Structure formats: structure tokens, C-alpha cells
Amino acid sequence: ADEPGIATRDVVKLAENLPAGQKAVIRAMFVDGHNTQETASALAMSEGAVRVSLHRGLAGLAKMLRGSI
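How each quantity is defined
Residues numbered from 1 in each chain as written. Predicted model: local features only at pLDDT ≥ 70, side-chain atom pairs only at ≥ 80, totals over all residues. Heavy atoms only, no water. Helix = DSSP H or I, 4+ residues; strand = E, 2+ residues; numbered from the N terminus. Buried < 20%, exposed > 50% of the residue type's maximum accessible area, 1.4 Å probe, protein only. Contact = heavy atoms within 4.5 Å. Arc of directions from axis to C-beta. Core = buried A, V, L, I, M, F, W, Y, C linked by side-chain atoms within 4.5 Å. 1 Å grid on protein atoms, 1.4 Å probe; cavity = no way out; pocket = protein on both sides within 12 Å on 5 of 7 lines; lining within 4 Å. Points joined across faces, edges and corners; volume = space filled by probe spheres on them. Expected span 1.5 Å × (residues − 1).

**Q** I'm lost on the overall build of the chain in this one. Help?
**A** A count of helical and extended segments in the chain gives four helices and zero strands. Helices (α) and strands (β) of the chain occur, in sequence order from the N terminus, as α-α-α-α. Every one of the 69 residues in the chain was classed for burial, and the buried ones make up 28%. Relative to all contacts within the chain whose residues are 6 or more apart in sequence, the contacts with residues 24 or more apart total 45%.

Structure, rendered in C-alpha cells:
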């Protein structure tokens, strides 16, 4: 089977450079497989805050992958 271009372990390693909240959301959703509601409950956040952190975290990861940071 083809391996994806970026493995989960690589995303986790890059996410270490994100702010704590963004890192926690990325880990909960992409590593642990939780949905927005589960992540919000686990991290004591609103679902809206989880979505904002997710989008900001993904934007930060994208910048890192492009070498902008």
C-alpha cells in the first residue's frame, strides 16, 4: 500500500511547535480520532473554540510545511 506523504508521526512532531491549545486539538482529532464534540468535552472547550483552534493549527502546520516558519 502507498504510504501517505506525511505520516501521523510527522504531523505530531510538527505540531509540537504550535501553541498548546492548537497542539491538543490536533492531537485529539487526528491522532486519537475524536470528533469535534468529543474533543471539546475532553479539553473543556466549546465546539466553536475547538473549530477555531483546529483551523489555526492546520494553518500553522501548512506554514511549517511550506517552510514559512
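**Q** For this particular structure, what's the right way to read helix α3 (residues 36–43)?
**A** For an α-helix, the turn length of 3.6 residues means that residues three or four places apart are oriented alike. By the burial criterion, the buried members of α3 are Thr36, Thr39 and Ala40. Down the axis of α3, the sector holding all buried residues measures 100°, keeping them to one side. With respect to the buried face of α3, the exposed residues turned more than 90 degrees away are Gln37, Ser41 and Ala42. Following α3 by one or two positions, alanine 44 adopts a phi angle in the positive range, close to 55°.

**Q** Mind showing me how you'd approach the nonpolar core here?
**A** In globular proteins that are soluble, nonpolar side chains generally tend to be buried together. Within the largest apolar cluster, ten residues are counted, these being Ala15, Leu18, Val25, Ile26, Met29, Ala40, Val50, Leu54, Leu61 and Met64. Elements supplying a minimum of two residues to this core: α2 (20–31) and α4 (47–66). Tallying contributions element by element places α4 first for this core, with four residues. Excluding residues within four positions of it along the chain, methionine 29 makes contact with His34, Asn35, Thr36, Thr39, Val50 and Leu54.

**Q** Can you help me understand the side chain of serine 53 in this one?
**A** Within the secondary structure, serine 53 sits in helix α4. Sequence-distant contacts of serine 53, that is, excluding residues within four places in its chain, are made with Gly21, Gln22, Val25 and Met45.

**Q** Explain empty space enclosed by the protein here, please?
**A** The gaps left among the atoms become clear once a water-sized probe is rolled over them. Inspection of every chain in the model, using the stated rule, returns one cavity of 30 Å³ or more. By volume, the largest cavity amounts to about 40 Å³. Along the walls of the largest cavity sit Val12, Ala15, Glu16, Lys23, Ile26, Arg27 and Val31, which together make up its complete lining. Within the residue set of the lining of the largest cavity, elements represented by two or more residues are α1 (8–15) and α2. Considering each element in turn, the lining of the largest cavity owes the most residues, four residues, to α2.

**Q** I keep staring at α4 and nothing clicks. Help me out?
**A** In this model, α4 (20 residues) spans 29 Å end to end at C-alpha, consistent with the 28 Å of a helix rising 1.5 Å per residue. Every buried residue of α4 is listed here: Val50, Ser53, Leu54, Gly57, Gly60, Leu61 and Met64. Axial view of α4: buried residues confined to an arc of 135°, hence all on one face. Opposite its buried face, α4 presents the exposed residues His55, Arg56 and Arg66, each directed more than 90 degrees away. The secondary structure elements touched by the buried residues of α4 are α1, α2 and α3. Taken from the residues just after α4, glycine 67 is the one with a positive phi, measuring 80°.

Geometric descriptors of this kind do not, in isolation, establish any biological role.
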